[in-house]
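Chains, contacts and geometry: an overview
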Amino acid sequence: MPSKRILEYPREEALLRKKSQPVRAFNRYIKNIIRDLKDTLKERPEGVGLAAVQINVHMQIFVVQLGAKPESEEKTGPVITIINPEVIEERAEDKGFDGCLSLPGLFGDTVRPHYLHIKGLNEWGKPFEQVFEGFDAVVIHHEIDHLNGVLFIDRITDPADLFTVKEDDDGKLIRVPVTIKK
Ligand code: NI
């Protein structure tokens, strides 16, 4: 069963800011969390990743949709699980689209690595090491931030880079600048 609710900023900010702990034992409890994360993400086609902290479980687990495209619901890859990630190398920083299921309706342009070499455990609790590139790297970097209590709005340096979207008179989506108190 998917989680009924994803924690939302700012109402539940304290919970979203809490750091996640490493998974020490891969057991039925962890498998159930992974199942919950996958089911919850599937019910939110606008999302491309979900960390356990977002369903109020403060453990280093997240799921990501690979092969996604910014500002699109088109997806070409599998959903994978990453546990206890460690960054081996990150580079190729670039500014691009960001958003979060815990900050509904809010979007931004953030600078993140587009080359990310990580190691961790996979959804079966087995060690793996892999390089992710392009938007996959961006999405995984966003989820690793969640494990440290960091939200994408923390990476906004220019207020003009934070926005919501609405339809203009011709039905085209346009960006509307947003100001939030941090
Ligand atoms: Ni997020």
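For the structure, check the block above.
Attention in this report is confined to the structure presented alongside it. (Residues numbered from 1 in each chain as written. Predicted model: local features only at pLDDT ≥ 70, side-chain atom pairs only at ≥ 80, totals over all residues. Heavy atoms only, no water.)

1. Here's the deal with the coordination of the nickel ion
This is how it is decided: Distances define the donors: N, O and S atoms within 2.8 Å of the metal qualify, as do those within 3.2 Å of Na, K or Ca. Water is excluded, so some sites may look unfinished. The helix and strand labels rest on DSSP assignments: H or I over at least four residues marks a helix, E over at least two residues marks a strand, and numbering proceeds from the N terminus. Each residue gets one of three labels from its accessible area relative to the maximum for its type: buried under 20%, exposed over 50%, partly exposed in between, using a 1.4 Å probe on protein chains only.
At 2.1 to 2.3 Å from the nickel ion lie its protein donor atoms, namely C100 (SG), H142 (NE2) and H146 (NE2). Spacing between the donor residues of the nickel ion along their common chain follows C-x41-H-x3-H. Highlighted residues: H142 and H146, both in helix 3 (residues 135-147), separated by four residues, approximately one helical turn. H146 carries the same exposure label as H142, and that label is buried.

2. Focus: the pattern of salt bridges
Which entries qualify depends on this criterion: What makes a salt bridge here is a side-chain nitrogen of Lys or Arg within 4 Å of a carboxyl oxygen of Asp or Glu, nothing more.
Applying the stated criterion to the full structure yields 14 salt bridges. Among the salt bridges present, the one from R112 reaches D98, with a minimum N-O distance of 2.7 Å. A residue pair is termed long-range when its members are at least 10 positions apart, and R112 in strand 4 (residues 107-121) and D98 in strand 3 (residues 79-99) qualify at 14 residues. Taking relative accessible area as the criterion, D98 reaches 4% and is therefore assigned buried. With a closest N to O distance of 2.9 Å, D145 and R112 form a salt bridge.

3. Some thoughts on helix 3
Basically, it comes down to this: The span one expects for a helix is its residue count, reduced by one, times 1.5 Å.
The terminal C-alpha atoms of helix 3 lie 19 Å apart, and with 13 residues this matches the ideal 18 Å at 1.5 Å per residue to within 8%. Summarising burial for helix 3: 13 of the 13 residues are buried, a large majority. Two residues or fewer after helix 3 comes G149, characterised by a positive phi angle close to 75°.

4. Overview of the side chain of H142
The cut-off we apply is this: Whether two residues touch is decided by their heavy atoms; if any such pair falls within 4.5 Å, the residues are in contact.
For H142, a relative accessible area of 6% gives the class buried. In this view, H142 contacts D98, G99, C100, R112 and F152; residues no more than four positions away in its chain are not counted.

5. What about the nonpolar core?
Formally: The nonpolar core is taken to be a set of buried Ala, Val, Leu, Ile, Met, Phe, Trp, Tyr and Cys residues, with the residues joined through side-chain atoms within 4.5 Å.
Among the nonpolar cores identified, the biggest contains 20 residues, and F62, V64, I82, I118, F132 and I140 are the most heavily contacted of them. Counting only elements with at least two residues in this core, the list comes to strand 2 (61-65), strand 3, strand 4, strand 5 (127-133) and helix 3. With seven residues, the top contributor of residues to this core is helix 3. Filtering out sequence-adjacent residues up to four positions away, I82 remains in contact with Q60, I61, F62, I118, L121, F128, F132 and I140.

6. Section: the packing of aromatic side chains
Selection criterion: Think of it this way: a Phe, Tyr or Trp ring, Trp meaning its six-membered ring, pairs with another when their centres are within 6.5 Å, and the plane angle makes it stacked under 30 degrees, edge-to-face over 60, tilted otherwise.
Enumeration according to the criterion identifies three aromatic pairs in this entry. Aromatic pair F97 and F107: ring centres 5.5 Å apart, planes at 25°, arrangement stacked. Of this pair, F97 sits in strand 3 while F107 sits in strand 4, and the two are ten residues apart along the sequence. Assessed through its relative accessible area of 18%, F97 is described here as buried. Relative to F163, the ring of F107 lies with its centre 6.4 Å away and its plane at 35°, an arrangement referred to as tilted. Here F107, found in strand 4, pairs with F163, found in strand 6 (residues 162-167); they are 56 residues apart in sequence, far enough to count as distant.

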